[in-house]
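Fold and geometry: a report
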Amino acid sequence: MNDCIFCKIIAGEIPSSQVYRDERVTAFRDIQPAAPTHLLIVPNKHLDSVNQMTAEDAPLLGHLFFVAKQLAAQEGLAESGYRLIVNTGAGAGQTVFHLHLHLLGGKPMSHLVG
Ligand code: AMP
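Note that the coordinates shown come from a computational prediction; the quantities given were computed from them, not determined experimentally.

**A few points about the overall build of the protein**
Broken down by element type, the protein carries two helices and five strands. Its helices and strands in sequence order give the protein the pattern α-β-β-β-α-β-β, from N to C terminus. Taking 13 Å as the expected radius of gyration for a compact globule of 114 residues, we find that the protein reaches 14 Å, a close match to that expectation. Its C-alpha atoms put the protein at 40 × 30 × 25 Å along the principal axes.

Have a look at this one:
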């Protein structure tokens with residue numbers, strides 16, 4: 001996707017604070033962190049949102065969660081807890097239309113976000 005900021009980050013065309021990379025997934029720190037740890041875990045393949053996924057993408061999105069679990073441990077959050085969020089659609093707060101998993105932790109969080 002030519003105009004997708006996360007595709008450009010994945011391609012190395014714009015800088016990011018990268019914390020993980022493999023053949024399927026890239027993870028980097030959110031530029032406007034909402035918690036002491038705020039990572040974005042992003043499939044290297046462009047999908048606009050969960051709405052665009054097919055059955056073929058299910059293992060990829062499972063891998064996203066597995067990487068999140070590993071990064072949470074790496075960030076020291078496995079015991080204290082962390083939140084994984086996937087905003088889907090503008091009405092849910094999605095602003096970057098390249099599917100991504102937010103990993104938030106390092107501060108107490110209330111039951112749900114509004
Ligand atoms: P969402 O609102 O769920 O689509 O989340 C998009 C997230 O991407 C927001 O938390 C932004 O702060 C973050 N973001 C936007 N541009 C960048 C960037 N260049 N590097 C890192 N994070 C970004």
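**Points about the site of the ligand**
Looking at the ligand, there are 16 residues lining it, with D30, N87, G93, T95 and H102 nearest. The separation between an oxygen atom of the ligand and a polar side-chain atom of H100 is 3.0 Å. One nitrogen or oxygen atom from the side chain of H102 is found 2.8 Å from an oxygen atom belonging to the ligand. When isolated, the ligand has an accessible area of 510 Å², and the protein chains bury 85% of it.

**Details of the packing of aromatic side chains**
Per the stated rule, a full pass over the model turns up one aromatic pair. Between F6 and F28, the ring centres sit 5.3 Å apart and the planes meet at 75°, which makes this aromatic pair edge-to-face. With F6 in helix 1 (residues 5–10) and F28 in strand 2 (residues 25–29), the pair connects residues that are 22 residues apart, well separated along the chain. When its relative accessible area of 6% is taken as the criterion, F6 is described as buried. Among the residues examined, F28 registers a relative accessible area of 3% and is labelled buried.

**Notes on the pairing of strand 1 (residues 18–21)**
Here strand 1 runs beside strand 2; their pairing, made up of three bridges, is antiparallel. Bridge assignment links Y20 to a residue of strand 2, and that residue is A27. The turn linking strand 1 back onto strand 2 is made up of three residues.

Parameters at a glance
- Residues numbered from 1 in each chain as written.
- Predicted model: local features only at pLDDT ≥ 70, side-chain atom pairs only at ≥ 80, totals over all residues.
- Heavy atoms only, no water.
- Helix = DSSP H or I, 4+ residues; strand = E, 2+ residues; numbered from the N terminus.
- Rg over C-alpha atoms; globule rule 2.2 N^0.38 Å.
- Near = heavy atom within 4 Å.
- Polar contact = N/O pair within 3.5 Å; in protein donor to acceptor, adjacent residues only side chain to side chain.
- Areas by Shrake-Rupley, 256 points an atom, 1.4 Å probe, with all protein chains shown as cover.
- Phe/Tyr/Trp six-rings, centres within 6.5 Å; stacked < 30°, edge-to-face > 60°.
- Buried < 20%, exposed > 50% of the residue type's maximum accessible area, 1.4 Å probe, protein only.
- Pairing = 2+ DSSP bridges.

Interpretation in functional terms is not warranted from these geometric data alone.
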